[in-house]
Amino acid sequence: MTRGEFMAQVLSPLGRLTAEERENVRRELEEHVEDRMEVLLDMGWDEALAESRCLEAMGDPAEIGREMARQYRGTGWLWLGRAAVLLTVVVCIQALLGIGLLSSAWDSLAARFCPSTAISIGELKNVEAVEDLDIRAEVGNDVLRIYQVSVGEKDGQRAAMVLACMYDRWPFGIVAGGLRIRSAVVSRRGEMGTSGGSRGNYGAEYAVHWAPVEPGDAHVVWVYHGIGETIRLEVPLPGGEETA
């Protein structure tokens, strides 16, 4: 699948958007692909192969389009910048209509102190080791948190599974969304992993990613691109010792 075909399938479910809004979405996706490719190109990969592998790792374009359509609320993309006045209005509406403000705040607090591991159930076989982590980085108004890594078997291959969540710095704030599609996990050899499930609400979002690993690997890298920022977080593997 070419990049153009991939973009067309992603944009297909977004019929409600204006031409300008669709162009903004396309540009955001292009930047996301370019950022993923940069990691592989820096490691000496051929450009065509790097692009093909990045598109494959992003997952089903139709599913990505549906996920973006759900995030879009007709007031613009929340993750492109949320003005304080707009945020206050949304919170007040939630409080008045009782549509989940307290539930979202509870999930936001849980992501800070005891994030859920339910998203990973059944995804990794023959688990060798599991380690809880607390790696955090600020992304605009949000905080990205890597909170667990496991090593085992995925689709017949040795792999590391990394769990992450994202939440607004204010417990009653709205998380930007799109954690899964804006993230990737890369091995120390530049092998792009695959994306798993995601879940969440206005208060917090969860995502899981995998990357192939070999004995002796000490880490993988979680790459996040969104809200005008690119963040790379080194995720240590349990018991890993880097080899030459």
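Parameters at a glance
- Along each chain, residues carry numbers from 1 onward, in the same order as the chain's sequence is written.
- Local features are withheld for residues below a pLDDT of 70 in this predicted model, meaning they are given only at 70 or higher, and side-chain atom pairs are given and counted only at 80 or more; totals for whole chains, interfaces and linings count all residues.
- Working from all heavy atoms in the structure, the side-chain values ignore hydrogens and water.
- A pair of strands counts as paired when DSSP detects no fewer than two bridges linking them.
- By the criteria applied, helices consist of DSSP H or I runs no shorter than four residues and strands consist of E runs no shorter than two, each listed in order from the N terminus.
- All axes are obtained by fitting lines to C-alpha atoms, using only the stretch in contact for helices, and the reported angles, taken between N-to-C directions, cover 0 to 180 degrees.
- Any residue with an atom within 4 Å of a point lines the site, the site being either a cavity, points on a 1 Å grid over the protein atoms alone where a 1.4 Å probe fits but cannot get out, or a pocket, an open set with protein on both sides within 12 Å along at least 5 of 7 lines.
- Grid points are joined across faces, edges and corners, and a volume is the space filled by probe spheres set on the points.
- By the convention adopted, Pro, Cys, Tyr, Trp, Phe, Met, Ile, Leu, Val and Ala count as nonpolar, Lys, Arg, Asp and Glu as charged, and the other residues, Gly among them, as polar.
- Residue types Ala, Val, Leu, Ile, Met, Phe, Trp, Tyr and Cys, when buried and joined through side-chain atoms within 4.5 Å, form a set referred to as a nonpolar core.
- Relative accessibility under 20% of the residue-type maximum defines a buried residue, over 50% an exposed one, and the middle range a partly exposed one, all with a 1.4 Å probe and only protein chains included.

Draft legend 1. Inspection of the sheet that holds strand 4 (residues 183-186) at higher detail. With antiparallel pairing, the 3 strands of this open sheet are ordered in space as 4-7-8. Where the open sheet ends on each side, the last strands, each with one partner, are strand 4 and strand 8 (229-236). Geometrically, the sheet is characterised by an average inter-axis angle of 20° between neighbouring strands, direction not taken into account. For strand 4 and strand 7 (residues 219-226), the ladder comprises 4 bridges, and the chain directions are antiparallel.

Draft legend 2. Empty space enclosed by the protein, seen in detail. Under the definition given, this model contains 1 cavity of 30 Å³ or more. Roughly 40 Å³ of volume is contained in the largest cavity. Together, E28, L29, H32, M68, I181 and R182 line the largest cavity. The greatest single-element share of the lining of the largest cavity, amounting to 3 residues, is contributed by helix 2 (residues 19-42). Its residues assigned to classes, the lining of the largest cavity shows 3 nonpolar, 1 polar and 2 charged.

Draft legend 3. Structural context of the nonpolar core. Membership of the largest hydrophobic core comes to 24 residues, with the highest contact counts inside it found for L144, I146, V162, V220, W222 and V235. Elements that contribute at least two residues to this core include exactly strand 1 (125-139), strand 2 (142-154), strand 3 (157-168), strand 6 (204-212), strand 7 and strand 8. Within the second largest apolar cluster, 21 residues are counted, among which are M7, L29, I181 and V186.

Draft legend 4. Quick look at unusual backbone geometry. Of note in the backbone geometry, N126 takes a positive phi value of approximately 45° without being a glycine. Following the sequence through the fold, N126 ends up in strand 1. The exposure class assigned to N126 is exposed, which follows from its relative accessible area of 58%. At D155, a residue that is not glycine, the phi angle is positive and equals roughly 55°.

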